[in-house]
There are 2 protein chains.
Amino acid sequence: MMSEPIPLYLDCDTGVDDAVAIAYLLGSPSINLVGIGTVSGNTSAAQAARNTLDLLALAGRDDIPVAVGAHDHLTSAFGGGAAHVHGDNGIGGAVLPHADREPDARSAVELLIELSHRYAGRLHVLTIGPMTNIALALAADPTLPSRVAGVTSMGGAALVPGNIRPAAEANIFNDPEAAEALLSADWDVTLVPLDVTMEHTLAEADRDRLAAAPAPLAAAVGAMLDHYLDFYVPIYGTRTSALHDPLAAVLATGAITPDRAPRVPVRVDTTDGPGRGQTIADLRGQRIATRDHEGVRTRVVLEVAAPVAEHLMGVLLGEVPGPDAVG
Amino acid sequence: MMSEPIPLYLDCDTGVDDAVAIAYLLGSPSINLVGIGTVSGNTSAAQAARNTLDLLALAGRDDIPVAVGAHDHLTSAFGGGAAHVHGDNGIGGAVLPHADREPDARSAVELLIELSHRYAGRLHVLTIGPMTNIALALAADPTLPSRVAGVTSMGGAALVPGNIRPAAEANIFNDPEAAEALLSADWDVTLVPLDVTMEHTLAEADRDRLAAAPAPLAAAVGAMLDHYLDFYVPIYGTRTSALHDPLAAVLATGAITPDRAPRVPVRVDTTDGPGRGQTIADLRGQRIATRDHEGVRTRVVLEVAAPVAEHLMGVLLGEVPGPDAVG
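- The name given to chain A in an unreviewed UniProt entry is Purine nucleosidase, with Microbacterium pygmaeum as the source organism.

## Observations regarding the overall build of chain A
Then comes step 1: Summing up its helical and strand segments, chain A has 13 helices and eleven strands in all.
Then comes step 2: Here chain A, with 327 residues, has 58% of them falling under the buried criterion.
Then comes step 3: Here the analysis covers contacts within chain A between residues at least 6 apart in sequence; of these, 81% occur between residues at least 24 apart.
Then comes step 4: When the accessible area of chain A is evaluated, it comes to approximately 11900 Å², of which 52% is carbon and sulfur surface.
Then comes step 5: Here chain A contributes 20 positive and 40 negative side-chain charges, whose respective centroids are spaced 5 Å apart.

## Focus on the packing of aromatic side chains
All names here are of chain A.
Then comes step 1: Counting across every chain of the model gives six aromatic pairs over all chains.
Then comes step 2: Ring plane angle 80° and centroid distance 4.9 Å describe the contact between phenylalanine 231 and tyrosine 232, whose orientation is recorded as edge-to-face.
Then comes step 3: Look at phenylalanine 231 and you get partly exposed, because its relative accessible area is 26%.
Then comes step 4: For tyrosine 232, a relative accessible area of 4% puts it in the buried group.
Then comes step 5: Arranged with centres 5.7 Å apart and planes meeting at 45°, the rings of tyrosine 232 and tyrosine 236 form a pair that is tilted.

## Looking at the pattern of salt bridges
Any two side chains of opposite charge can pair, so long as their charged atoms come close to each other.
Then comes step 1: Taken as a whole and assessed by the stated rule, the structure comprises 44 salt bridges over all chains.
Then comes step 2: Two residues, B:Asp62 and B:Arg101, come together in a salt bridge whose shortest N-O distance is 3.8 Å. Of the two residues, B:Asp62 is situated in the loop between helix H2 (45-58) and strand E3 (66-68) and B:Arg101 in the loop between helix H3 (83-86) and helix H4 (108-118); the sequence distance between them amounts to 39 residues.
Then comes step 3: The closest approach of N and O atoms between B:Asp208 and B:Arg207, which form a salt bridge, is 3.9 Å.
Then comes step 4: Exposure remark for B:Asp208: the relative accessible area of 39% places this residue in the partly exposed category.
Then comes step 5: Salt bridges linked by common partners bring A:Glu204, A:Arg207, A:Asp208, A:Asp226, A:Asp230 and A:Arg239 together as one network.

## Some words on the relation of the copies chain A and chain B
Then comes step 1: With an axial shift of 0.0 Å and an RMSD of 0.0 Å, the rotation relating chain A to chain B amounts to 180°. Within this description, the copies of the chain are treated as partners about a two-fold rotation axis. Within chain A, A:Leu159 has its C-alpha nearest the rotation axis, a separation of 2.4 Å.
Then comes step 2: Counting the interface residues of chain A, we find that 100% of their copies in chain B are interface residues as well, pointing to one common contact surface.

## Observations concerning the sheet that holds strand E4 (residues 123-127) of chain B
Residue and element names in this part refer to chain B.
Then comes step 1: Sheet architecture is open: seven strands sit in the order E3-E2-E1-E4-E5-E6-E11, paired in parallel fashion. Either end of the sheet is taken by a strand with one partner, and the two such strands are E3 and strand E11 (298-300). The sheet shows a mean angle of 20° between the axes of neighbouring strands, direction not considered.
Then comes step 2: As judged from the four bridges shared by strand E1 (residues 6-12) and E4, these two strands associate in the parallel manner. Looking at E4, one finds that tyrosine 9 is bridged to valine 125.
Then comes step 3: In this fold H4 packs onto E1, strand E2 (31-38), E3 and E4, with an angle of close to 155° to the strand it touches most, E2.
Then comes step 4: Contacts from helix H5 (residues 132-140) reach E1, E2 and E4 within the one sheet, and its direction differs from that of E1 by about 115°.

## Here's the deal with the interface of chain A and chain B
Interface size is commonly expressed as the accessible surface area that is lost when the partners come together.
Then comes step 1: Of the residues lining the interface, 30 residues belong to chain A; the matching set on chain B comes to 30 residues.
Then comes step 2: Between chain A and chain B, a total of about 2300 Å² is buried, with carbon and sulfur atoms accounting for 63% of that surface.
Then comes step 3: Considering only the surface of chain A that becomes buried against chain B, A:Pro274, A:Arg284 and A:Arg287 emerge as the three largest contributors, covering 29% of it.
Then comes step 4: The interface formed by chain A and chain B contains six residue pairs in polar contact (both at pLDDT 80 or more).
Then comes step 5: Within the residue set of the side of chain A that touches chain B, elements represented by two or more residues are helix H11 (233-236), strand E9 (266-268) and strand E10 (279-281) of chain A.
Then comes step 6: Considering each element in turn, the side of chain A that touches chain B owes the most residues, three residues, to H11(A).
Then comes step 7: The class makeup of the residues in the side of chain A that touches chain B is 16 nonpolar, seven polar and seven charged.

## What to know about the sheet that holds strand E5 (residues 148-154) of chain A
Strand-to-strand pairing in sheets goes through backbone hydrogen bonds, with the strands running parallel or antiparallel.
Residue and element names in this part refer to chain A.
Then comes step 1: With parallel pairing, seven strands are arranged side by side in an open sheet as E3-E2-E1-E4-E5-E6-E11. Every interior strand has two partners, whereas the edge strands, strand E3 (66-68) and strand E11 (298-300), have only one. Put simply, the sheet's adjacent strands are angled 20° from each other on average, direction ignored.
Then comes step 2: Sheet topology note: the strand E2 (residues 31-38)/E3 ladder contains three bridges and is parallel. Pairing of glycine 37 across the sheet is with alanine 67, part of E3.
Then comes step 3: The strands touched by helix H1 (residues 16-27) are strand E1 (6-12), E2 and strand E4 (123-127); relative to E1, the strand with the most contacts, the crossing angle is about 165°.

## Concerning empty space enclosed by the protein
Then comes step 1: If you walk through the whole model with that rule in mind, you get one cavity of 30 Å³ or more.
Then comes step 2: By volume, the largest cavity is sized at about 260 Å³.
Then comes step 3: Forming the boundary of the largest cavity are 24 residues, of which A:Ala158, A:Gln278, B:Ala158, B:Leu159 and B:Gln278 lie nearest the centre.
Then comes step 4: When contributions to the lining of the largest cavity are tallied by element, the ones reaching two or more residues are E10 of chain A together with strand E10 (279-281) of chain B.

## What about the packing of H1(A) against helix H12 (residues 244-253) of chain A?
All names here are of chain A.
Then comes step 1: At a minimum axis separation of 7 Å, H1 and H12 run at an interaxial angle of 25°. With respect to H12, the element H1 is oriented roughly parallel. H12 is crossed by H1, and the crossing has right-handed handedness. Of the residues in H12, those touching H1 at Asp17, Asp18, Val20, Ala21, Tyr24 and Leu25 are His244, Asp245, Pro246, Ala249, Val250 and Thr253.

## Regarding H1(A)
Residue and element names in this part refer to chain A.
Then comes step 1: A rise of 1.5 Å per residue sets the reference length of H1, with its twelve residues, at 16 Å; its end C-alpha atoms lie 17 Å apart and thus fit the reference within 8%.
Then comes step 2: In terms of burial, H1 is largely enclosed, as twelve of its twelve residues are buried.
Then comes step 3: For H1, every residue scored as buried is listed here: Val16, Asp17, Asp18, Ala19, Val20, Ala21, Ile22, Ala23, Tyr24, Leu25, Leu26 and Gly27.

## Things to note about helix H4 (residues 108-118) of chain A
Then comes step 1: Listing the buried residues of H4(A) in full gives A:Ala108, A:Val109, A:Leu111, A:Leu112, A:Ile113, A:Leu115 and A:Ser116.
Then comes step 2: Its buried side turned inward, H4(A) meets E1, E2, E3, E4 and helix H5 (132-140) of chain A.

## Structural notes on the side chain of A:Asp13
Residues and elements named next belong to chain A.
Then comes step 1: Tracing the chain through its elements places aspartate 13 in the loop between E1 and H1.
Then comes step 2: Here aspartate 13 occupies a buried position and makes no salt bridge, while the nearest side chain of opposite charge, arginine 165, is found at 15 Å.
Then comes step 3: A polar atom in the side chain of aspartate 13 sits 2.8 Å from the backbone nitrogen of asparagine 42.
Then comes step 4: What aspartate 13 contacts, discounting residues up to four positions off in sequence, is Asp18, Val39, Ser40, Gly41, Asn42, Thr43, Ala48, Ile128, Gly129, Pro130 and Asn171.

So, how was this worked out
- Residues numbered from 1 in each chain as written.
- Chains lettered and ligands numbered in written order.
- Predicted model: local features only at pLDDT ≥ 70, side-chain atom pairs only at ≥ 80, totals over all residues.
- Heavy atoms only, no water.
- Helix = DSSP H or I, 4+ residues; strand = E, 2+ residues; numbered from the N terminus.
- Buried < 20%, exposed > 50% of the residue type's maximum accessible area, 1.4 Å probe, protein only.
- Contact = heavy atoms within 4.5 Å.
- Areas by Shrake-Rupley, 256 points an atom, 1.4 Å probe, with all protein chains shown as cover.
- Lys, Arg positive; Asp, Glu negative; His and termini not counted.
- Charge placed at Lys NZ, Arg CZ, Asp CG, Glu CD.
- Phe/Tyr/Trp six-rings, centres within 6.5 Å; stacked < 30°, edge-to-face > 60°.
- Salt bridge = Lys/Arg side-chain N within 4 Å of Asp/Glu carboxyl O.
- Least-squares fit on C-alpha atoms with pLDDT ≥ 70 in both.
- Pairing = 2+ DSSP bridges.
- Axes fitted to C-alpha atoms, helices over the stretch in contact; angles between N-to-C directions.
- Buried area = accessible area lost by both parts, 1.4 Å probe.
- Polar contact = N/O pair within 3.5 Å; in protein donor to acceptor, adjacent residues only side chain to side chain.
- Nonpolar A, V, L, I, M, F, W, Y, C, P; charged D, E, K, R; others polar.
- 1 Å grid on protein atoms, 1.4 Å probe; cavity = no way out; pocket = protein on both sides within 12 Å on 5 of 7 lines; lining within 4 Å.
- Points joined across faces, edges and corners; volume = space filled by probe spheres on them.
- Parallel < 35°, antiparallel > 145°, perpendicular 65-115°, else oblique.
- Left-handed = near helix turned anticlockwise from the far one by under 90°.
- Expected span 1.5 Å × (residues − 1).

Below is the structure:
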């Protein structure tokens, strides 16, 4: 007796951890991945679309439209990506079979707006890259939020250091103006910051299991993670993968719910000062109890106690029922 | 066999917790309080000087010069203080015997510069208010840092929320430009942020012991704390006093040393954005071990494990040897 899968639009910059998130979403019974838009971030929007198409082909999911989105950000040109983290091709140098399919003729903004009409009131939006496409869609159609059931976004840092800058996380830093637009629109947002994404990890043994899996998608994800695990050695002290984008995906499906996620005002620093790209959440007065601010629709995830990696591995390895098992 | 007491210049905005810090410093055998400058913050610079003179008189320490410093901040006028925290007169509405003595004829800047010559190479500076006087002294005499052994400052918030703003602590927020000047000068700075000052507290029972103490200064401090404890009820859930300024004083005397205080770059947000007045410490890469950045002279105190309140109470109640017992 499972409920109808949630129609989900994914906005991504694929990216090693984006690839893990995509593989997870494809295996998750509780969502229906109805469209994917790409944006520049970990790699260019065009390369992200190529990587996404190739991943979907491995899973036999050529039915899901992939639309290229913004190459440049609202107030800055794309800076070239993060090859030291995600490899030259965005997916850790892994070579996937080249899918025949080309990106959708629509832009990511057109795809998102169209899906918001087709699934009006039910569509969920998951962003795991810079929020440029969402800001452009909000500008193109300010009624968009009225048709979206909720937004989940990987981004920001509340009470932990940033990654790309002392106080800023990369998705927000790459387009602070877009993040401010997403966070100030009138819809329910679940912000999944470094506070929780750094606390859930895959280990070398997990990667080995993925790389040895018979399913081509799981094996490809395992191959991609090789490079990514190296990047985290100075941070965790061992070959380890933070679960940035996968955690946002897991929370978007509802398979795991946060243990602490107060609804509090969040502002993005769009100045040119030392805090540019920072998310400033008002977390004062939360010491004795978690407290939601009246009328605020953004919740900031601060604690997820459930074993995220275990759940993620189960779905990636096909050990939980996939979409075909639903209904 | 104690070493020579450290000559210490205190810059304060007295203030209930400033008063606690002053009482502690007067009772601490390891420092010699050679001068006090006042600045607007918790209350006006003039009222802070009045409160300080009255406190010193209670302790029979009319020998310590008290100089009035900046009424206004570098780029903004004094905003009127924090009567809801510190009472209308800055010391929780407590009425002290009015000391005959008037403030020193010198300004706080003049006093600080003069002391830096008299105690060249040995003077320690402790700031527990906005850093306006220090910035003005640095502007008046850029050679000042060469004669100062070290600076300890209560201020900022590294990985915890601010108090006066979502990300900003009041001492820094009240004069961000001055804080940036202090933190970018070439001297050793120990920054004592809310991360640690909120974790050390006095309880109602501590206040009762102070209020009942035979020593007039301890009793006065106990009386002042009455109002202050109320302010913290919504924050801690009980009548409790955070030890903001007292903790900075305890660390300045060297009686207690921090357990974690990495030397890292700290920038102050001097923009007009949502992070104005924030201290942005680069605390990335500290997960597996505490790591000092090469060439950085500012350490940010993140952990103090010792029982600060117990030590503080001992000194305030005269249960440890006072300055007269030295030598």
